[in-house]
Amino acid sequence: MAAAEPSPERAERITTRILWGCAVLTVFVGGFLVADVVKSTADYRPLAWLGVALAALAMIALTALYVACALGRVTLGKKVGPTSLFKLSAICLVVAVGADILIPGRDTGGLALLLPWGITYWLHNLNPPTGRVTTSAE
């Protein structure tokens, strides 16, 4: 019994759904940040507000990247100057997690961003660097 040939269209649809899922997960993490900020704003000092602003900007950037990838406008491997969008997403992740530490009572909340980022890491590394998908028949 021969194995079914992989369908590029199906793979593209699944990749798009996964990227939309990553965007939604990132929005959920941002929503939890907003809920936490609203309930404890009296305890915040200027450094905490800096952490809130940095974390929010990083989450907005990650969400925008995931949505742009899901819409097919960009890919994670797209070069931006000397680096790629994927490497910039890693910087956004580090900024969000680091900024989250500045917010009182939220030492690990930004770590939830590791799930959607890890999924995009996996998606980014599925394709060979040439961008050409190879099969065992070649």
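Residues numbered from 1 in each chain as written. Predicted model: local features only at pLDDT ≥ 70, side-chain atom pairs only at ≥ 80, totals over all residues. Heavy atoms only, no water.

K.L.:
For this particular structure, what's the right way to read the overall build of the protein chain?
P.N.:
Across its full length, the protein chain holds four helices and two strands. Reading the protein chain from its N end, one meets helices and strands in the order α-α-β-β-α-α. The proportion of buried residues among the 138 residues of the protein chain is 31%. Looking at the protein chain alone, contacts between residues at least 24 apart form 68% of all its contacts between residues at least 6 apart. (Helix = DSSP H or I, 4+ residues; strand = E, 2+ residues; numbered from the N terminus. Buried < 20%, exposed > 50% of the residue type's maximum accessible area, 1.4 Å probe, protein only. Contact = heavy atoms within 4.5 Å.)

K.L.:
Hey, could you run me through the nonpolar core in this one?
P.N.:
Inside soluble globular proteins, nonpolar side chains tend to come together where they are buried. In this structure, Leu 33, Tyr 44, Met 59, Tyr 66 and Leu 113 are the most contacted members of the largest nonpolar core, which totals 28 residues. Elements that contribute at least two residues to this core include exactly α1 (8–39), α2 (46–70), α3 (85–101) and α4 (114–124). Of the residues forming this core, the biggest block, 10 residues, is contributed by α2. If we skip the residues at most four places from it in the chain, Tyr 66 touches Leu 19, Cys 22, Ala 23, Thr 26, Pro 116, Trp 117 and Thr 120. (Core = buried A, V, L, I, M, F, W, Y, C linked by side-chain atoms within 4.5 Å.)

K.L.:
Looking at this structure, I do not really get the packing of α1 against α4. What am I missing?
P.N.:
How two helices pack is summed up by the angle between their axes together with the distance between the axes. Viewed as axis vectors pointing N to C, α1 and α4 meet at an angle of 155 degrees, and their least axial separation amounts to 8 Å. Regarding the angle of α1 to α4, the classification is roughly antiparallel. Two packed elements cross with a definite hand, and for α1 against α4 that hand is left-handed. Here α1 contributes Thr 15, Ile 18, Leu 19, Cys 22, Leu 25 and Thr 26 to the contact with α4, which in turn contributes Leu 115, Pro 116, Ile 119, Thr 120, Trp 122 and Leu 123. Its residues assigned to classes, the contact of α1 with α4 shows nine nonpolar, three polar and no charged. (Axes fitted to C-alpha atoms, helices over the stretch in contact; angles between N-to-C directions. Parallel < 35°, antiparallel > 145°, perpendicular 65-115°, else oblique. Left-handed = near helix turned anticlockwise from the far one by under 90°. Nonpolar A, V, L, I, M, F, W, Y, C, P; charged D, E, K, R; others polar.)

K.L.:
Honestly, the packing of aromatic side chains in this entry has me stumped. Any pointers?
P.N.:
For any two aromatic rings, the description comes down to two numbers: the centre-to-centre distance and the angle of the planes. Inspection of every chain in the model, using the stated rule, returns four aromatic pairs. Both rings, one in Trp 117 and one in Tyr 121, keep their centres 5.7 Å apart while their planes meet at 25 degrees; by these two values the pair is stacked. In this pair, Trp 117 and Tyr 121 are both assigned in helix α4, four residues apart and thus about one turn of the helix distant. Assessed through its relative accessible area of 16%, Trp 117 is described here as buried. Accessibility expressed as a relative area gives 43% for Tyr 121, which makes it partly exposed. Cluster of aromatic residues (ring-pair linked, three or more members): Phe 86, Trp 117 and Tyr 121. (Phe/Tyr/Trp six-rings, centres within 6.5 Å; stacked < 30°, edge-to-face > 60°.)

K.L.:
Where do I start with the environment of Val 80 in this structure?
P.N.:
Mapped onto the elements of the fold, Val 80 is located in strand β1 (residues 79–80). Residue Val 80 is classed as partly exposed on the basis of its relative accessible area, which comes to 37%. Here Val 80 is in contact with Leu 85 and Leu 88, once residues within four sequence places are set aside.

K.L.:
How should the packing of α1 against α2 be read in this particular structure?
P.N.:
Relative to each other, α1 and α2 sit at 165 degrees, their axes nearing to 8 Å. Judged on the interaxial angle alone, α2 and α1 are roughly antiparallel. Both α1 and α2 take part in a crossing whose hand is left-handed. The segment α1 lies against α2, with Thr 16, Leu 19, Trp 20, Cys 22, Ala 23, Thr 26, Val 27, Val 29, Gly 30, Leu 33 and Val 37 engaging Trp 49, Val 52, Ala 55, Ala 56, Met 59, Leu 62, Thr 63, Tyr 66, Val 67, Cys 69 and Ala 70. Looking at the contact of α1 with α2 residue by residue, the class counts come to 18 nonpolar, four polar and no charged.

K.L.:
Teacher, can you tell me more about a nonpolar patch on the surface here?
P.N.:
A contiguous nonpolar patch, built from Leu 47, Leu 50, Leu 54, Val 80, Leu 88, Ile 91, Val 95 and Leu 102 and spanning about 600 Å² of accessible area, is present on the exposed surface. Among the secondary structure elements, those contributing two or more residues to the nonpolar patch are α2 and α3. Mapping Leu 54 onto the fold places it in helix α2. According to the relative accessible area criterion, Leu 54 is partly exposed, its value standing at 34%. (Patch = residues over 30% accessible without salt bridge, like charges linked within 9 Å, V, L, I, M, F, W, Y side chains within 5 Å. Areas by Shrake-Rupley, 256 points an atom, 1.4 Å probe, with all protein chains shown as cover. Salt bridge = Lys/Arg side-chain N within 4 Å of Asp/Glu carboxyl O.)

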